[in-house]
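What follows is each chain in one-letter form.
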Amino acid sequence: MKKIFLVAATVIATLSTLCASAQNAGTAICAHRGFWKCAAAGYSENSIASLREAQNIDCWGSEFDIHITADDVVIVNHNRDIAGTTIWDHNFADFKDFRLPNGEGVSTLDEYLTQGKKGPQTMLVCELKIQKDEEREDLMLAKTIECLKAHGLYSPDKVMFISFSLHLCKEIARIAPEFTNQYLNGKISPAELKAMGINGLDYQIKQFQAHPEWVKEAHDLGMSVNVWTVNDEETIKEMIDLGVDCITTNEPYLVRQLLGNKEIKRVAAKGNCCCKCCK
């Protein structure tokens, strides 16, 4: 019984991770694929340097994408291929000669998390990409959790999960319900996600423009709301006014400017709540 109460308390704390807009008129900023759009990162998405720069400018979160190779190495990359070579059909060694614009090679998740540990104030927003089948998705998730634990980062204070794979979101809800877990694909209402055990939604701008009521519905259900990828002033203002909890962007400085003093900058030390009451 004691264990049940502890789990319930953790879940309640987690569901408040991003639910700050409605309560405190604050919005968090998440750097899309890291803060890559700068000279310091060499304009290289999903690079270790882009994560470092997101940490350096004190973004609330930094998003990155992961895949798993044929020989079971979890790597950081957005597309399912690298220079036309499909990741899930090839071993990690097959990508050893590839270089990002800043000269970095393809990072393993282990290498990426080494940098992640250096900026504990920045939430690691881990997107688990769809794989060729559910078995490979399950293995990728298991290895990701194993790697996070090895780096001391397996905590709702330090990492959250997002995915276009409904299967992966359901698996996270089953094995790690204490973590913020957001579905990306849109088209599913907050109430439907909640019924599946998924505690957040991270939808593209047009989904919220078509269904602005989903933000309030999600908040009323205790769910977190993120929007991607918002880069222009007009839409940033629209999403701030709508009350989303977090904006994922390639233009963190612009979002920061438009938010003024309504930005949530840091993961709170107490629990993983963004609310002012924990600061």
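You'll find the structure just up there.
Residues numbered from 1 in each chain as written. Predicted model: local features only at pLDDT ≥ 70, side-chain atom pairs only at ≥ 80, totals over all residues. Heavy atoms only, no water.

Participant: Would you mind showing me how to read the overall build of the protein here?
Facilitator: Secondary structure assignment for the protein yields 11 helices and 12 strands. Looking at the protein residue by residue over its 279 residues, the buried ones come to 55%. Considering only contacts within the protein whose residues lie at least 6 apart along the sequence, 60% involve residues at least 24 apart. (Helix = DSSP H or I, 4+ residues; strand = E, 2+ residues; numbered from the N terminus. Buried < 20%, exposed > 50% of the residue type's maximum accessible area, 1.4 Å probe, protein only. Contact = heavy atoms within 4.5 Å.)

Participant: I'm lost on helix α11 (residues 252-259) in this one. Help?
Facilitator: Each α-helix winds once per 3.6 residues, and so residues spaced three or four apart point in a common direction. What α11 keeps buried is the set P252, V255, R256 and L259. All buried residues of α11 project into a common sector of 100° when viewed along the axis, lining one side. On the buried face of α11, the contacting elements are β1 (27-31), α10 (233-242), β11 (246-249) and β12 (263-264). G260, located one to two residues past α11, shows a positive phi value of around 60°. (Arc of directions from axis to C-beta.)

Participant: Would you take a moment to explain the pattern of salt bridges for this structure?
Facilitator: The final tally for this structure, using the stated rule, is 11 salt bridges. Where D97 meets K96, a salt bridge forms, and the shortest distance between an N and an O atom there is 3.4 Å. Using a relative accessible area of 56% as the deciding quantity, one classes K96 as exposed. The salt bridge partner of E263 is R256, with a shortest N-O separation of 3.0 Å. Considered together, E263 and R256 belong to a single accessibility category, that of buried residues. (Salt bridge = Lys/Arg side-chain N within 4 Å of Asp/Glu carboxyl O.)

Participant: Can you walk me through unusual backbone geometry in this structure?
Facilitator: What is expected of a backbone is that most residues other than glycine have negative phi and most peptide bonds are trans. For R33, which is not glycine, the phi torsion reads 60° and is therefore positive. Classification of R33 by relative accessible area gives buried; the value is 14%. The phi dihedral of D72 is positive, around 70°, even though this residue is not glycine. The residue D72 is located in the loop between β2 (61-68) and β3 (74-76) in this model.

Participant: Any chance you could explain the environment of Q207 here in plain terms?
Facilitator: Among the structural elements, Q207 can be located in helix α8 (residues 205-210). Sequence-wise, Q207 and W228 are 21 residues apart; in three dimensions their C-alpha atoms are separated by 10.0 Å. Here Q207 is in contact with G186, K187 and W214, once residues within four sequence places are set aside.

Participant: Where do I start with the environment of K132 in this structure?
Facilitator: Here K132 shows up in the loop between β6 (123-128) and α5 (134-150). Among the residues examined, K132 registers a relative accessible area of 46% and is labelled partly exposed. Separated by 44 residues in sequence, K132 and W88 place their C-alpha atoms 7.4 Å apart.

Participant: Any chance you could explain the pairing of β1 here in plain terms?
Facilitator: Every regular strand shows the same layout, with side chains that alternate between the two sheet faces. Taken across its 5 residues, β1 has 5 buried, putting it largely inside the fold. When β1 meets β12, the two strands line up parallel, connected through 2 bridges. By the bridge assignment, A28 is partnered in β12 with I264. With 4 bridges connecting them, β1 and β11 associate as parallel partners. (Pairing = 2+ DSSP bridges.)

Participant: How should I be thinking about the pairing of β2 in this particular structure?
Facilitator: In terms of residue burial, β2 counts as a mostly covered element, since 8 of its 8 residues are buried. Here β2 shows two buried faces, one formed by G61, E63, D65 and H67 and the other by S62, F64, I66 and I68. In terms of strand pairing, β1 meets β2 through 2 bridges, oriented parallel. The residue of β2 that forms the bridge with C30 is G61. With 6 bridges joining them, β2 and β6 adopt parallel strand pairing. Bridge pairing links D65 to E127 in β6. Two strands pair when backbone bridges link them, and β2 and β3 are joined in this way by 3 bridges, in the antiparallel orientation. Each residue of the ladder has a partner; that of I66, found in β3, is V76. Here β2 folds back onto β3, and the loop between the two strands holds 5 residues, one of which, D72, carries a positive phi near 70°.

Participant: What is the right way to read the packing of aromatic side chains from this model?
Facilitator: The geometry of an aromatic ring pair is captured by two quantities: the separation of the ring centres and the angle between the planes. Taken as a whole and assessed by the stated rule, the structure comprises 7 aromatic pairs. The structure contains a cluster of three or more aromatic residues connected by ring pairs, namely Y154, F161 and F179. A cation sits over an aromatic face here: K149 above Y154, 5.1 Å from the ring centre. (Phe/Tyr/Trp six-rings, centres within 6.5 Å; stacked < 30°, edge-to-face > 60°. Lys NZ or Arg CZ within 6 Å of the ring centre and 35° of its normal.)

Participant: Hey, could you run me through the packing of α10 against α11 in this one?
Facilitator: Packed helices, taken two at a time, are described by their axes: the angle between them and the distance between them. Put simply, α10 and α11 touch, their axes get as near as 10 Å, and they point 50° apart. In terms of orientation, α10 and α11 fall into the oblique class. The handedness of the crossing between α10 and α11 is right-handed. Contacts between α10 and α11 involve E233, I236, K237 and I240 on the former and, on the latter, L254, V255, L258 and L259. Its residues placed into classes, the contact of α10 with α11 shows 6 nonpolar, no polar and 2 charged. (Axes fitted to C-alpha atoms, helices over the stretch in contact; angles between N-to-C directions. Parallel < 35°, antiparallel > 145°, perpendicular 65-115°, else oblique. Left-handed = near helix turned anticlockwise from the far one by under 90°. Nonpolar A, V, L, I, M, F, W, Y, C, P; charged D, E, K, R; others polar.)

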